[in-house]
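Letter by letter, the chains look like this.
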Amino acid sequence: QPAEAALLRHFTRSLAMHAYGGQASIDAQEARLPKSALSGEGVDAYLARIRPVLENAVAEAVGLYAAEMPAGAFLDSTNAWPRLVPFFETVFMRTAGPESAEERKRREDIDATLLLERERQNEATELARQQAARLASKMIVYDEQGSLDIARELSSSSSRAHLAAVRRCRVAIDSGSPSAQAVREALLHKRLVPRLVMFARRREDGSDEGLGREAAWLLALVASSGEDGLKAVAAEAASGALDALVALLRVRAGDGGDDAPAASMRALGPISRSSVMARDALLDRGVLPPLLARVRSPACSSSLRHGVRLLSSLVLGKPKAATSALGDAFPVLAQLLGHQDDLIARDACSAISSALNGNDGDVRAVLGAAPDAPRKLVELLQRACGVAPELRESFDRYDRNRSGALSRRELRAALKDVGIDLDRAGALSVMRRYDADSSGTLSLGEFAALAAELGLSPAQGVRAELRPLTLRAISSIVACEADLTQTIVDCGGLDALCSLVGTTDDGASRGEVLLALSNVAAGTAEQVAALERTGAFEAVAREMARGSDTFNREAAWTISNATASGSTSTVLAIARGSRSVEALLELLPAADAGMTEVVLDGLERFLKAGATEVHPEVRRVFESHDANGDGALSRRELSTVLRGLSLDVTRPEAAAVLRRFDADGDGTLSLAEFGQLAVQLGAPAVLDPISSRFREGGGERAIRAVAQKHGAEERDGATDAVAERCARLLQLC
């Protein structure tokens with residue numbers, strides 16, 4: 001009858017809502033039920049008549065099976081049956097009549113509230129399922145006798161008994177019921193895992209797909225429940241355990257929802273991380289295609305996290321898997337770098353960073369499969385180094401004059417709000433410590449550094465882990481050939497890297513950012529020029545002033561590489577726009593033999609670049625007589641210049657002049673060498689600012705001290721190389 005159908009429908013829905021949402025949900029459900037026209041029969045008699053149908057509905061609603069407990073026993077044992085009578089009396093025995101406007105508005109409001117609540121709880125589906133399953137397993141208690149029953153049922157010849165036992169164990173462990181630990185121990189101590197593997201293989205051969213799926217699901221839960229469970233399942237890899245877990249990834253939504261694949265991913269992650277052999281076995285069994293399908297179309301964020309973690313573990317193993325075997329994974333991982341969930345972005349970045357940590361061929365293979373990876377990495381670095389929205393809001397609240405910076409008074413107000421009451425002297429001390437650019441105010445970035453140290457910023461969370469991971473990946477790219485480095489330059493990566501220099505106390509990040517910059521500085525002249533325009537070298541010089549030998553080495557390499565790879569104009573711009581010369585000189589006294597050579601090379605190139613400064617008229621004469629445009633004057637071109645100056649010289653005399661001013665002995669005169677000749681001939685001299693700064697910074701004294709020190713430690717000819725460099729430097733300055 002229609003009334004019976006409505007009663008059953010609303011009862012089962014209410015029971016499910018009670019399992020999923022508690023008393024508030026069942027109250028709301030009661031309020032929206034329509035009035036019934038039941039009459040002439042008491043509720044007790046009506047329920048007695050339809051009780052068999054109700055029992056089946058209850059069994060179906062809460063996932064019980066007749067082999068475990070009769071539905072009627074469930075109703076009696078949980079005191080549910082007596083509660084139904086007043087429930088139906090209050091809902092269905094009201095006087096029939098049209099719905100009033102007030103009742104309709106109330107029902108519509110409740111409908112809207114329930115709809116909003118369902119939208120908010122999309123991410124809680126798995127928890128709700130576990131709560132419902134817990135109702136089904138509350139009455140199951142596994143003691144020693146229970147474990148014997150499990151072993152007996154799993155060892156019997158009845159497929160129905162197998163399915164009931166496996167399903168009962170699976171529900172108990174998956175729901176986290178009090179009996180879960182006992183079930184798990186029974187399966188492990190009775191050595192029933194091989195039996196479960198045998199059942200799981202039945203899904204593959206088609207003999208019993210339901211039992212095979214349940215057994216594989218149970219195996220996944222056992223493997224992810226602890227180290228001993230993981231070892232027990234991994235030990236059966238050769239017997240088909242891995243095949244069963246991989247097959248579980250392909251379960252359709254109607255065959256077990258998304259819980260079975262999620263359980264498989266939770267289990268396969270630790271297995272793949274346990275050994276390289278296990279990881280390779282999973283790849284050989286075709287785990288990648290179904291896993292990527294799950295990651296591309298996840299059921300929820302929790303499922304996506306498990307999938308990305310498994311995908312990351314397949315890439316992270318050492319030695320690494322062949323890049324060709326993981327090619328399809330890299331575009332997916334690159335896309336996930338931009339995911340808003342920091343945990344997902346972190347795992348994807350960890351995998352990408354590991355894949356890029358190799359030779360040029362590996363890097364090219366990864367970027368060939370995922371050309372968006374450089375851009376995504378730079379965006380992720382900016383996000384990891386960015387200021388949290390709530391911190392920006394606080395900054396704007398205290399920046400009362402909207403100047404974009406906090407004055408000392410505004411800083412005192414900000415600190416007072418978080419319980420730090422400073423006087424004017426204390427505020428000034430804090431200002432000086434965090435005012436990196438010495439502007440007398442705190443910018444947003446400087447305020448963020450202060451907030452992080454005070455624990456007022458989320459910088460110590462997952463985003464703090466993102467920074468070194470992203471920097472490591474970027475460093476691997478810029479360590480390759482210039483065309484790969486250019487992919488980072490084109491994405492604005494240099495600005496992101498420069499913003500980190502000298503502004504973080506995270507040791508891993510400090511080292512990685514300096515390594516990346518030193519690799520960029522070893523690139524093309526255009527890349528060095530782009531690096532100079534970001535102000536990176538002044539930041540590197542400030543980093544060297546912080547006085548850490550570990551980081552000073554990479555900082556010195558950055559400056560020295562730039563002087564070697566950059567054009568003369570770029571090297572001059574670096575010297576003029578930063579304290580690079582002074583920073584190298586300050587590093588020299590405490591440098592070891594290897595670092596001394598790096599510093600001396602950089603200083604020599606700075607001085608050579610400074611020596612090229614010539615009068616504009618001298619440059620014009622040089623360029624007008626450099627017939628082939630090679631940047632040097634040959635003996636023939638030099639003779640033409642001298643004759644143009646009314647100096648009638650013979651060929652031997654021109655050769656003698658060239659030999660005298662050819663400082664590097666290459667048989668030609670560079671612009672700097674020609675400038676020295678021009679000064680001898682009466683041209684106006686130009687003061688070399690680099691040489692002046694070198695002398696004013698005590699460069700000559702430092703170079704003589706280095707020469708003396710290494711002369712006293714002569715061994716294996718190393719002293720000769722250092723002594724030669726020192727002599728050249730003294731001559732240049």
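Please read these numbers as outputs of a predicted model, since none were measured by experiment.

1. Topic: the overall build of the protein chain
What the protein chain contains, in helices and strands, is 44 helices and zero strands. In the protein chain, which comprises 733 residues, the proportion classed as buried is 47%. Across the protein chain, the fraction of contacts at a sequence separation of at least 24, relative to all contacts at a separation of at least 6, is 69%. Summed over its atoms, the accessible surface of the protein chain is roughly 35000 Å², and 51% of this surface lies on carbon and sulfur atoms.

2. Things to note about the pattern of salt bridges
This structure, assessed with the given rule, holds 17 salt bridges. One salt bridge connects Asp341 with Arg305, and the closest N-O pair in it is separated by 2.7 Å. Of the two residues, Asp341 sits in the loop between helix H20 (329-336) and helix H21 (342-356) while Arg305 sits in helix H19 (residues 301-316), which places them 36 residues apart along the sequence. Judged by its relative accessible area of 30%, Arg305 is partly exposed.

3. Overview of the confidence of the model for the protein chain
On average, residues of the protein chain score 75 in pLDDT, and 70% of them are at 70 or above. Note on residues 89-96: pLDDT is under 50 here. Beyond four places in sequence and across chains, it has 16 contacts. Note on residues 254-258: pLDDT is under 50 here. Beyond four places in sequence and across chains, it has six contacts.

4. Side note on the environment of Leu314
Note on placement: Leu314 falls in helix H19. In the structure, Leu314 is positioned 26 residues away from Leu288 in sequence and 9.0 Å away in space, judged by C-alpha atoms. Contacts of Leu314, omitting those with residues within four sequence positions, involve Ser272, Arg279, Leu282, Leu283, Val287, Leu288, Leu291, Ala321 and Leu326.

5. So, a positive patch on the surface
Residues Arg408, Arg409, Arg412, Lys416, Arg424 and Arg432 make up a contiguous surface patch of positive charge. Going through the elements one at a time, helix H25 (408-417) and helix H26 (424-434) are the ones with two or more residues in the positive patch. The dominant element in the positive patch, judged by the number of residues it contributes, is H25, at four residues. Among the structural elements, Arg424 can be located in helix H26. Its relative accessible area of 56% is what places Arg424 among the exposed residues.

6. Focus on the packing of aromatic side chains
Under the criterion given, the structure shown has one aromatic pair. Ring geometry for Phe622 against Phe674: centres 5.8 Å apart, planes inclined by 45°, an arrangement best described as tilted. In this pair, Phe622 is assigned in helix H38 (residues 616-625) and Phe674 in helix H41 (residues 671-680), connecting sequence segments 52 residues apart. Cation over ring: Arg170 sits above Trp217, and NZ or CZ is 4.0 Å from the ring centre. A cation sits over an aromatic face here: Arg397 above Tyr398, 5.1 Å from the ring centre.

7. Describing a nonpolar patch on the surface
Among the surface-exposed residues, Leu645, Leu647 and Leu681 lie close enough to one another that they form a single nonpolar patch of about 250 Å² accessible area. Assignment of secondary structure puts Leu645 in the loop between helix H39 (635-644) and helix H40 (651-661). Overall, the relative accessible area of 47% leaves Leu645 in the partly exposed class.

8. A word on H40
Buried residues of H40: Ala654, Ala655, Leu658 and Phe661, and no others. Seen along its axis, H40 keeps its buried residues to an arc of 140°; they face one direction. Along H40, the residues that are exposed and aim more than 90 degrees away from the buried face are Pro652, Arg659 and Arg660. Buried residues in H40 make contact with H39 and H41.

9. Brief notes about the packing of H39 against H40
The axes of two packed helices give the description: the angle between them and the distance between them. Interaxial distance between H39 and H40 falls to 9 Å at its minimum, and their mutual angle equals 105°. Taken together, the axes of H39 and H40 lie roughly perpendicular to each other. Taken together, the residues of H40 that come into contact with H39 (itself represented by Arg635, Leu638 and Ser639) are Arg651, Ala654, Ala655, Val657 and Leu658. Of the residues assigned to the contact of H39 with H40, the class counts are five nonpolar, one polar and two charged.

10. With respect to helix H15 (residues 241-248)
When you tally the buried positions in H15, you get seven out of eight residues, the bulk of the element. The complete set of buried residues in H15 reads Ala241, Leu242, Ala244, Leu245, Val246, Ala247 and Leu248.

11. A short note on the packing of helix H18 (residues 288-296) against H19
One way to put it is that H18 packs onto H19 with a least axis distance of 9 Å and a crossing angle of 145°. Seen from above, H18 lies across H19 with left-handed handedness. Contact with H18, carried on its side by Leu288, Leu291, Leu292 and Val295, involves Leu304, Gly307, Val308, Leu310, Leu311 and Leu314 of H19 and no other residues of that element.

12. Comments concerning the side chain of Thr570
Mapped onto the elements, Thr570 comes out in helix H35 (residues 568-577). For Thr570, a relative accessible area of 8% puts it in the buried group. Of the polar contacts made by the side chain of Thr570, one reaches the side chain of Ser567; its length is 3.0 Å. The contact partners of Thr570, leaving out residues within four places of it in the chain, are Val528, Ala529 and Glu532.

Rules used throughout
Residues numbered from 1 in each chain as written. Predicted model: local features only at pLDDT ≥ 70, side-chain atom pairs only at ≥ 80, totals over all residues. Heavy atoms only, no water. Helix = DSSP H or I, 4+ residues; strand = E, 2+ residues; numbered from the N terminus. Buried < 20%, exposed > 50% of the residue type's maximum accessible area, 1.4 Å probe, protein only. Contact = heavy atoms within 4.5 Å. Areas by Shrake-Rupley, 256 points an atom, 1.4 Å probe, with all protein chains shown as cover. Salt bridge = Lys/Arg side-chain N within 4 Å of Asp/Glu carboxyl O. pLDDT = per-residue confidence, 0-100. Patch = residues over 30% accessible without salt bridge, like charges linked within 9 Å, V, L, I, M, F, W, Y side chains within 5 Å. Lys, Arg positive; Asp, Glu negative; His and termini not counted. Charge placed at Lys NZ, Arg CZ, Asp CG, Glu CD. Phe/Tyr/Trp six-rings, centres within 6.5 Å; stacked < 30°, edge-to-face > 60°. Lys NZ or Arg CZ within 6 Å of the ring centre and 35° of its normal. Arc of directions from axis to C-beta. Axes fitted to C-alpha atoms, helices over the stretch in contact; angles between N-to-C directions. Parallel < 35°, antiparallel > 145°, perpendicular 65-115°, else oblique. Nonpolar A, V, L, I, M, F, W, Y, C, P; charged D, E, K, R; others polar. Left-handed = near helix turned anticlockwise from the far one by under 90°. Polar contact = N/O pair within 3.5 Å; in protein donor to acceptor, adjacent residues only side chain to side chain.

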